[in-house]
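These are the residues of each chain, in order.
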Amino acid sequence: DLHSFPTRRSSDLAAGTPVVTTDFAGADEVVRHERDGLVVRRGDAPAIGAALDRMISSPADAARLAAVARDSVAGYSMRRQADLIRGSFQRAISG
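If you're wondering where the values come from, they're calculated on a predicted model, not measured in any experiment.

Student: Please explain the overall build of the chain as it appears in this structure.
Tutor: A count of helices and strands for the chain gives 5 helices and 2 strands. What you see in the chain, going N to C, is helices and strands ordered as α-β-α-β-α-α-α. Burial analysis of the chain (95 residues in total) assigns 37% to the buried set. Sequence-distant contacts in the chain: of pairs separated by 6 or more residues, those separated by 24 or more amount to 43%. Approximately 5,600 Å² of the chain is accessible, and the part contributed by carbon and sulfur atoms is 56%.

See the structure below:
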């Protein structure tokens, strides 16, 4: 799923979208848990559900995370995104 890659996550953050993501494919390098989004363990359906529920039931939390997220992606150039993707692949290959 290409939407798991850091490029998509940084686009979501820049748009001010509250982000819930998993720790898959480097997304957790872009989204910092409890700072500019929520990161849950890949495959943990109850945790994903709880994070989504939190974003829906707590608009103040969602707004706070989204505001920090917009500011945090200002430094993510295309080069930085490429470096994150490369790092994700290198870690996957090296096991």
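Student: For this particular structure, what's the right way to read the pattern of salt bridges?
Tutor: Note on pairing: side chains with opposite charge can pair once their charged atoms come close. Throughout the structure, instances matching the rule amount to 5 salt bridges. Its salt-bridge partner being Glu 34, residue Arg 54 comes within 2.6 Å of it at the nearest N-O pair. On the criterion of sequence distance, the pair formed by Arg 54 in helix H3 (residues 45-57) and Glu 34 in the loop between helix H2 (27-30) and strand E2 (38-40) is long-range, its members being 20 residues apart. Notably, a salt bridge pairs Arg 64 with Asp 61, separated by 3.9 Å at the nearest N-O pair. Here Asp 61 and Arg 64 lie together in helix H4 (residues 59-72), a separation of 3 residues that amounts to about one turn. Taking the relative accessible area as the measure of exposure, Asp 61 reaches 21% and is therefore partly exposed. Put simply, Glu 34, Arg 54, Asp 61 and Arg 64 are held in one network by salt bridges that share partners.

Student: Can you help me understand the packing of H3 against H4 in this one?
Tutor: Packed helices, taken two at a time, are described by the angle between their axes plus the distance between the axes. For the pair H3 and H4, the least separation of the axes is 5 Å and the interaxial angle reads 100°. Overall, the two elements H3 and H4 adopt an arrangement that is roughly perpendicular. Contact residues: Arg 54, Met 55, Ile 56 and Ser 57 in H3; Pro 59, Asp 61, Ala 62, Arg 64 and Leu 65 in H4. Among the residues making up the contact of H3 with H4, the classes are represented as 5 nonpolar, 1 polar and 3 charged.

Calculation notes
- Residues numbered from 1 in each chain as written.
- Predicted model: local features only at pLDDT ≥ 70, side-chain atom pairs only at ≥ 80, totals over all residues.
- Heavy atoms only, no water.
- Helix = DSSP H or I, 4+ residues; strand = E, 2+ residues; numbered from the N terminus.
- Buried < 20%, exposed > 50% of the residue type's maximum accessible area, 1.4 Å probe, protein only.
- Contact = heavy atoms within 4.5 Å.
- Areas by Shrake-Rupley, 256 points an atom, 1.4 Å probe, with all protein chains shown as cover.
- Salt bridge = Lys/Arg side-chain N within 4 Å of Asp/Glu carboxyl O.
- Axes fitted to C-alpha atoms, helices over the stretch in contact; angles between N-to-C directions.
- Parallel < 35°, antiparallel > 145°, perpendicular 65-115°, else oblique.
- Nonpolar A, V, L, I, M, F, W, Y, C, P; charged D, E, K, R; others polar.

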